[in-house]
Every structure is written in structure tokens, then in C-alpha cells.
Amino acid sequence: MKYKYVRSRSSIGGTYYYQDENGKISPRQVIDDMAAQGYRYVGNIPVKLGDYGSLREYDMIFEYCCQ
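First, a word on scope: everything that follows refers to the structure included in this document.

Each value, and the rule that gives it
Residues numbered from 1 in each chain as written. Predicted model: local features only at pLDDT ≥ 70, side-chain atom pairs only at ≥ 80, totals over all residues. Heavy atoms only, no water. Pairing = 2+ DSSP bridges. Helix = DSSP H or I, 4+ residues; strand = E, 2+ residues; numbered from the N terminus. Axes fitted to C-alpha atoms, helices over the stretch in contact; angles between N-to-C directions. Contact = heavy atoms within 4.5 Å. Buried < 20%, exposed > 50% of the residue type's maximum accessible area, 1.4 Å probe, protein only. Arc of directions from axis to C-beta. Core = buried A, V, L, I, M, F, W, Y, C linked by side-chain atoms within 4.5 Å. Phe/Tyr/Trp six-rings, centres within 6.5 Å; stacked < 30°, edge-to-face > 60°. Lys NZ or Arg CZ within 6 Å of the ring centre and 35° of its normal.

## Here's the deal with the sheet that holds strand β5 (residues 55-64)
In space, the 5 strands of this open sheet follow the order β3-β2-β1-β5-β4, with antiparallel pairing throughout. This sheet does not close on itself; its edge strands, each paired only once, are β3 (23-25) and β4 (39-49). Adjacent strand axes in the sheet meet at a mean angle of 40 degrees when their direction is disregarded. As judged from the 2 bridges shared by strand β1 (residues 3-10) and strand β2 (residues 16-20), these two strands associate in the antiparallel manner. Residue R9 lies in a different strand from β2, and its bridge partner there is Y17. The sheet strands contacting helix α1 (residues 27-36) are β1, β2, β3, β4 and β5, and the helix crosses β5 at an angle near 15 degrees.

Structure (C-alpha cells):
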């Protein structure tokens, strides 16, 4: 199986985004874009915690499903 990881970060307002060359993209848009490429979303892994255990960054995990 082939996996791809996409790092999402928290902004100051608490919303999450993925930063690419075109700017900030919402996690929902990332899922839609990856699905169009043949990947399916399977979960996430916390990567960086902030003050009081708040989630600052996480990796979205995608599995290639259309071989």
C-alpha cells in the first residue's frame, strides 16, 4: 500500500490549514483534492502540541486506493 502524509497547522484563530505554493487550503479541500488523485483519507497523527495540550500540527494520512 502507498501512503501520503499532509501536514496541517493551526492558525492563531484556531482553524487548521495546509500551506502550499498557492496559499492556505482547508483540510476539507485537501481531502477533496487527494480523493481526485485516487487517495482516500484514513486518519491523522498528532505531531505538535501547544500550551495545555492543544493540538498545533497534525499529519493527515491518505492511502492510495486506485491501483
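Moving on from the model shown.
## Observations concerning α1
What α1 keeps buried is the set P27, V30 and M34. Axial view of α1: buried residues confined to an arc of 50 degrees, hence all on one face. Turned more than 90 degrees from where α1 packs its buried face, R28 and A36 sit exposed. Directly after α1, the chain includes G38, whose backbone phi takes a positive value near 95 degrees.

## Considering the nonpolar core
Core analysis: the largest hydrophobic core is formed by 8 residues, namely V6, I25, V30, M34, Y39, Y58, M60 and F62. Every element with two or more residues in this core is listed here: α1 and β5. With 3 residues, β5 is the single largest residue contributor to this core. Excluding residues within four positions of it along the chain, Y58 makes contact with V6, R7, S8, Y16, P27, N44, I45, P46 and V47.

## Things to note about the packing of aromatic side chains
The full count for this structure, using the stated rule, is 3 aromatic pairs. For the pair Y39 and Y64, a centre-to-centre distance of 5.2 Å together with 70 degrees between the ring planes defines the contact as edge-to-face. Within this pair, whereas Y39 is found in strand β4, its partner Y64 is found in strand β5, the two being separated by 25 residues in sequence. With relative accessibility at 10%, the residue Y39 sits in the buried group. Measuring from ring centre to ring centre gives 5.7 Å for Y41 and F62, while their planes differ by 65 degrees; the resulting arrangement is edge-to-face. On the criterion of sequence distance, the pair formed by Y41 in strand β4 and F62 in strand β5 is long-range, its members being 21 residues apart. Sitting over the face of the ring of Y64, K2 holds its NZ or CZ atom 5.7 Å from the ring centroid. In this structure, K24 is placed above the aromatic ring of Y17, and the distance from its NZ or CZ to the ring centre is 4.5 Å.

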